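Each chain is listed here by its residues.
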2 protein chains.
Amino acid sequence: MGELTEDIGFLLARVSGEVVRATNAALAPEGLRVRHYSVLLLACDSPDGISQRAVARILGLDPSQVVALVDELAQAGLVQRQPAPTDRRAKLVTATGAGCRVRERAAARAAEAEQGALRSLSGDEREVLRALLSRVAESASDAAYAFE
Amino acid sequence: MGELTEDIGFLLARVSGEVVRATNAALAPEGLRVRHYSVLLLACDSPDGISQRAVARILGLDPSQVVALVDELAQAGLVQRQPAPTDRRAKLVTATGAGCRVRERAAARAAEAEQGALRSLSGDEREVLRALLSRVAESASDAAYAFE
DNA sequence: TATTGTTATACTCTATAACTATA
DNA sequence: TATAGTTATAGAGTATAACAATA
């Protein structure tokens with residue numbers, strides 16, 4: 001095989017796509033895709049609710065993308081929008097009881113899909129991969145902030 | 001930060017998106033995006049030409065996606081379609097002289113963008129990352145073949 | 001003036017199905 | 001009958017700009 005298939009950028013796109021595909025398939029029975037699942041996770045882990053702005057920042061999305069995600073989760077009864085007591089512009093997204101239950105099942109499915117996709121790596125190797133990606137991601141957000 | 005931002009799948013999507021974005025921006029002056037660049041690379045590295053089917057298989061794309069990519073590269077005068085001498089169904093994609101020259105410049109730009117995105121990793125660490133991703137990608141294609 | 005959420009729009013990417021011409 | 005290329009279409013993801021309500 002040529003040099004292209006050993007390029008880190010190429011491999012990242014390939015592996016990322018594969019993991020997203022596998023995770024989407026695993027979450028389908030819960031009526032979720034990875035993006036929705038990510039938002040649900042943040043809502044469940046924020047007992048006091050989380051603003052859509054914060055969701056967008058953490059997930060690296062544009063705030064306008066979050067609107068549709070929360071709309072669909074709310075329509076499915078998994079989250080609710082509540083006005084923020086301290087800032088009437090902001091709406092806090094909170095998970096419902098049903099949302100938390102779905103989240104538990106979805107987390108198990110997502111973890112299984114991810115482990116399947118990464119089955120060729122040992123536990124230690126996965127941890128190395130995670131640490132390296134984490135550092136790259138962190139420096140990327142630094143750069144983004146630097147240009148603001 | 002919560003557990004989500006330390007999930008390997010999340011980090012893969014985040015970092016991959018960042019690298020693709022940076023590479024697309026770096027390739028823009030050459031009128032290319034990463035997909036077109038990948039096809040051009042394969043054409044340049046295949047002196048006798050490469051079938052669109054092979055391009056699709058190597059890049060992990062559907063053959064129908066390759067059509068538009070080759071169309072645009074051909075319209076820009078960077079590649080040509082030639083009938084395969086041994087199989088009249090197949091068309092071999094070959095790079096033109098202009099295509100090879102653009103490829104050289106594009107390769108330098110793409111490498112620079114990638115190094116920028118991965119600047120927080122040492123050379124050794126990048127090699128570790130590359131090797132781990134390569135193994136994951138390889139096992140993924142094994143699984144794909146297993147289901148065919 | 002700046003920020004939060006929202007709407008609208010356009011473009012890219014992904015996924016399928018069906019068709020043609022060859023093998 | 002199977003394969004290479006092609007066309008068409010729909011859905012998902014990404015990127016921007018603009019707007020109303022509020023700070």
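These notes cover the structure that comes with them. (Residues numbered from 1 in each chain as written. Chains lettered and ligands numbered in written order. Predicted model: local features only at pLDDT ≥ 70, side-chain atom pairs only at ≥ 80, totals over all residues. Heavy atoms only, no water.)

**Re helix α2 (residues 34-44) of chain A**
Of all the eleven residues making up α2 of chain A, nine are buried; the element is thus mostly covered by neighbouring parts of the structure. Of all the residues in α2 of chain A, the buried ones are His36, Tyr37, Ser38, Val39, Leu40, Leu41, Leu42, Ala43 and Cys44 of chain A. (Buried < 20%, exposed > 50% of the residue type's maximum accessible area, 1.4 Å probe, protein only. Helix = DSSP H or I, 4+ residues; strand = E, 2+ residues; numbered from the N terminus.)

**Focus on the protein's contact with DNA strand C**
The environment of DNA strand C is made up of 19 residues, and the closest members are Gln52, Arg53, Arg89 and Lys91 of chain A together with Arg35 of chain B. The protein-proximal atoms of DNA strand C, defined as those within 4 Å of the protein, are 67% sugar or phosphate. Contact between DNA strand C and Arg89 of chain A: a base oxygen at 2.8 Å from a side-chain N or O atom of the residue. Side-chain polar atom of Arg35 of chain B to a phosphate oxygen of DNA strand C: 2.6 Å apart, as the coordinates give it. At the level of secondary structure, the elements contributing two or more residues to the surface near DNA strand C comprise α3 (52-59) and α4 (63-75) of chain A together with α4 (63-75) of chain B. (Near = heavy atom within 4 Å. Polar contact = N/O pair within 3.5 Å; in protein donor to acceptor, adjacent residues only side chain to side chain.)

**Let's talk about the pattern of salt bridges**
This structure, assessed with the given rule, holds 22 salt bridges over all chains. The partner of Glu104 of chain A in a salt bridge is Arg103 of chain A, and the shortest N-O contact between them spans 3.9 Å. Salt bridges here are not isolated pairs; linked through shared partners, they connect Glu3 of chain A together with Asp45, Arg103 and Glu104 of chain B. (Salt bridge = Lys/Arg side-chain N within 4 Å of Asp/Glu carboxyl O.)

**A closer look at the relation of the copies chain A and chain B**
If you rotate chain A by 180 degrees and push it 0.0 Å along the axis, it lands on chain B with an RMSD of 0.0 Å. The superposition of one copy onto the other is thereby described by a two-fold rotation axis. Comparing interface residues between copies, 100% of those in chain A also lie at the interface in chain B; the contact surface is shared. (Least-squares fit on C-alpha atoms with pLDDT ≥ 70 in both. Contact = heavy atoms within 4.5 Å.)

**Side note on the interface of chain A and chain B**
Taken together, the contact between chain A and chain B spans 46 residues of the former and 46 residues of the latter. Sorting the residues of chain A by area buried against chain B places Leu4, Ile8 and Leu12 of chain A first, and these three jointly supply 14% of that buried surface. Connecting chain A to chain B are six salt bridges. Arg103 of chain B is the partner of Glu3 of chain A in a salt bridge, and the nearest nitrogen-oxygen pair spans 3.1 Å. The interface formed by chain A and chain B contains 18 residue pairs in polar contact (both at pLDDT 80 or more). Within the residue set of the side of chain A that touches chain B, elements represented by two or more residues are α1 (8-27), α2, α3, α5 (97-117) and α6 (123-146) of chain A. If one sorts the elements of the side of chain A that touches chain B by residue count, α6 of chain A sits on top with 14 residues. Across the side of chain A that touches chain B, the residue classes tally to 24 nonpolar, eight polar and 14 charged. (Buried area = accessible area lost by both parts, 1.4 Å probe. Nonpolar A, V, L, I, M, F, W, Y, C, P; charged D, E, K, R; others polar.)

**Structural notes on the protein's contact with DNA strand D**
Around DNA strand D sit 19 residues in total, of which Arg35 of chain A together with Gln52, Arg53, Ser64 and Arg89 of chain B are the nearest. When atoms of DNA strand D within 4 Å of the protein are sorted by moiety, sugar and phosphate together comprise 68%. In this structure, a phosphate oxygen belonging to DNA strand D sits 3.0 Å away from a side-chain N or O atom of Lys91 of chain B. Elements supplying a minimum of two residues to the surface near DNA strand D: α4 of chain A together with α3 (52-59) and α4 of chain B. With three residues, the single largest contributor to the surface near DNA strand D is α4 of chain B. Here the surface near DNA strand D is built from residues that sort into three nonpolar, five polar and eleven charged.

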